Amino acid sequence: MSTPSFARLGSANTYDNARNNLMTRQTALSNLQEHLTSGKRVNTASDDPTAAAQAERALTRINRIQADQRALDAQKNSITQAESTLGDVNDALQNIRELVVNAGSGVHTSAERSIIAGQLKGLRDQVFALANRKDTNGQPLFGALASALTPFVGPQATAPDYTFKGLPGQTASSEVAIPFTLDGDSAFMHQPARDAVFNASVSTIPTTRTLTTDNVVVTNTATVGATAAAATTATGVPYPTYSIAFTAVDTTTTPGTTTLTYSITETPPVTPLGAPAPFAPVTISYPSTTAAPITGIPGLSFSVTGTPAVGDTITIDAQPSIFSVLDDAIQNIGSASNNNAAAQAVSQALHNIDIGMSRISAVRGQAGDLLNRADRITDNQGKRSIQLEDDRSRAEDLDMIKGISDFQNQQTGYQAALQSYAQVQKLSLFNYIS
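A. Highlighting the overall build of the chain. Of regular secondary structure, the chain possesses 10 helices and 11 strands. By the burial criterion, 37% of the 434 residues in the chain qualify as buried. Long-range pairs, those at least 24 residues apart, make up 72% of the contacts in the chain between residues at least 6 apart in sequence. About 22700 Å² of surface is accessible on the chain, with carbon and sulfur atoms providing 54% of the total.

Put into structure tokens, the structure is as follows:
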């Protein structure tokens with residue numbers, strides 16, 4: 001006969017297991033609730049280190065794009081203001097052009113032309129102020145690569161009368177940025193070899209005959225460029241001034257043909273030692289019914305309409321800026337003693353103003369290109385931001401449908417565990433005895 005054995009079963013281990021199970025389920029339920037509340041699958045790096053790193057990289061790139069876009073918006077605002085300012089300059093120059101045309105009317109007296117010159121001066125001051133306009137940050141709109149806070153200075157007593165206090169050129173655009181400023185030197189300053197902006201004035205234009213100069217043109221840009229460079233290197237001043245003095249006029253020796261003899265003076269002389277340039281007297285013959293072709297000046301040519309007289313002098317000045325053009329127009333129109341002189345001043349002014357307006361329009365076109373580029377950059381950055389936001393979302397955001405399903409399942413399991421624990425508590429020996 002076998003001896004019965006008895007096993008003593010303690011309930012403490014059962015209680016501990018049930019309690020640990022409850023705590024585990026409660027923690028999991030709390031985590032799921034936190035994920036649902038934040039909408040993120042990864043709230044801390046410990047949730048998923050790899051996904052957390054991917055989300056952080058995407059977020060860093062998004063923040064960088066936002067910073068680049070803020071800088072681009074500031075640059076775009078400056079270029080927009082510069083483009084609008086160039087439009088204002090063109091409007092002012094158009095008003096100037098209309099006044100200059102009006103000044104050429106033969107019905108005006110000298111006093112009336114002086115009044116027009118005063119109106120032109122007011123518009124010239126407006127153009128000069130616009131060229132030195134600043135953006136909302138106090139930086140010049142036309143500062144080029146680098147400039148003083150006031151890029152354009154003038155008029156000055158010494159040549160050149162107007163100067164650009166800066167480094168000419170245009171800052172290059174990048175993948176995410178455009179320049180803050182435009183090249184004011186290219187817009188408002190002139191170069192003889194590039195722009196051929198000259199002012200030709202006649203010393204004495206009597207009312208008994210007509211003597212006007214046609215517009216000066218560049219015939220050899222290489223020579224002009226070398227001459228201008230030599231002048232700057234040797235003397236520190238810009239392109240020289242040329243004077244053509246007529247010393248002999250013959251209209252009778254050959255009927256129908258005019259023969260002119262004139263001398264050329266260059267100031268300052270463009271030679272390494274600063275000595276007078278060796279210009280020999282020039283003699284030309286041409287049909288009396290045509291304009292006189294004036295040659296002999298390095299790289300330049302122009303013609304004279306009418307018959308010059310001995311003692312007449314024509315002066316050719318390079319215009320270093322649009323402001324110089326306007327100053328000369330104001331001076332020549334205001335001081336014109338008769339209609340012939342006014343016609344000469346008006347012809348030169350209109351030619352040079354048109355060249356200046358074309359330069360300004362070209363830079364304005366560059367501003368439009370920069371604004372278009374800024375729009376393209378913004379569009380590209382927006383697409384990149386959407387892609388990076390998708391990358392970040394895939395890495396850390398919670399699938400709400402799956403999250404809610406997991407939460408409900410976990411909640412059901414937690415409630416079942418609570419009920420099981422409640423039943424286990426009733427297995428106490430004391431409950432059985434009672």
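B. Geometry of the packing of aromatic side chains. The full count for this structure, using the stated rule, is 9 aromatic pairs. Between Phe142 and Phe188 the ring centres are 5.5 Å apart and the planes differ by 80°, which places this aromatic pair in the edge-to-face class. Here Phe142, found in the loop between helix 3 (110–131) and strand 1 (146–153), pairs with Phe188, found in helix 4 (residues 184–188); they are 46 residues apart in sequence, far enough to count as distant. Classification of Phe142 as buried rests on a relative accessible area of 0%. A relative accessible area of 0% places Phe188 in the buried class. A ring pair is formed by Phe152 and Phe188, whose centres lie 5.3 Å apart and whose planes are at 75°; its orientation type is edge-to-face. Residue Phe152 is located in strand 1, and its partner Phe188 is located in helix 4; the two are separated by 36 residues in the primary sequence. Residue class for Phe152 comes out buried when judged on its relative accessible area of 2%. An aromatic cluster of three or more residues is present, and its members are Phe128, Phe142, Phe152, Tyr162, Phe164, Phe188 and Phe323.

C. Spatial organisation of the nonpolar core. Formed by 52 residues in total, the largest nonpolar core has its most connected members in Leu93, Ile96, Val100, Phe152, Leu182, Phe188 and Phe323. Those elements that provide at least two residues to this core are helix 2 (49–103), helix 3, helix 4, helix 7 (322–334) and helix 8 (339–396). Counting residues per element, this core draws most heavily on helix 8, at 14 residues. Each residue touching Val100, except ones within four places of it in the same chain, is listed here: Leu120, Ile333, Val346, Ala349, Leu350 and Ile353. Among the nonpolar cores identified, the runner-up in size contains 23 residues, and Val202, Tyr262, Phe302 and Ile314 belong to it.

D. Focus on a positive patch on the surface. Taken together, the side chains of Arg57, Arg61, Arg64 and Arg384 make up a positively charged region of the molecular surface. Counting residues per element, the positive patch draws most heavily on helix 2, at 3 residues.

E. Local environment of the sheet that holds strand 7 (residues 257–267). Spatial ordering of the open sheet is given by 3-11-6-7-8, a layout of 5 strands whose pairing is antiparallel. Looking at the sheet topology across the chains shown, the edges are occupied by strand 3 (198–202) and strand 8 (282–287). Pairs of neighbouring strands in the sheet enclose a mean axial angle of 25°, with direction left out of account. In this sheet, strand 11 (residues 313–318) lies alongside strand 3 in antiparallel orientation, the contact comprising 5 bridges. Note on strand 11: the bridge partner recorded for Val202 is Ile314.

F. Fine view of the confidence of the model for the chain. Within the chain, residue pLDDT values average 75, and 69% of them lie at 70 or more. When pLDDT is averaged over each helix and strand of the chain, the minimum, 35, is found for helix 6 (residues 221–235) and the maximum, 89, for helix 3.

G. Examining the environment of Thr290 more closely. Checked against the element boundaries, Thr290 lands in the loop between strand 8 and strand 9 (292–294). Using a relative accessible area of 39% as the deciding quantity, one classes Thr290 as partly exposed. Here the side chain of Thr290 touches Pro287 through a polar contact of 2.9 Å, landing on its backbone oxygen.

Reading the values: rules and limits
Residues numbered from 1 in each chain as written. Predicted model: local features only at pLDDT ≥ 70, side-chain atom pairs only at ≥ 80, totals over all residues. Heavy atoms only, no water. Helix = DSSP H or I, 4+ residues; strand = E, 2+ residues; numbered from the N terminus. Buried < 20%, exposed > 50% of the residue type's maximum accessible area, 1.4 Å probe, protein only. Contact = heavy atoms within 4.5 Å. Areas by Shrake-Rupley, 256 points an atom, 1.4 Å probe, with all protein chains shown as cover. Phe/Tyr/Trp six-rings, centres within 6.5 Å; stacked < 30°, edge-to-face > 60°. Core = buried A, V, L, I, M, F, W, Y, C linked by side-chain atoms within 4.5 Å. Patch = residues over 30% accessible without salt bridge, like charges linked within 9 Å, V, L, I, M, F, W, Y side chains within 5 Å. Salt bridge = Lys/Arg side-chain N within 4 Å of Asp/Glu carboxyl O. Lys, Arg positive; Asp, Glu negative; His and termini not counted. Charge placed at Lys NZ, Arg CZ, Asp CG, Glu CD. Pairing = 2+ DSSP bridges. Axes fitted to C-alpha atoms, helices over the stretch in contact; angles between N-to-C directions. pLDDT = per-residue confidence, 0-100. Polar contact = N/O pair within 3.5 Å; in protein donor to acceptor, adjacent residues only side chain to side chain.

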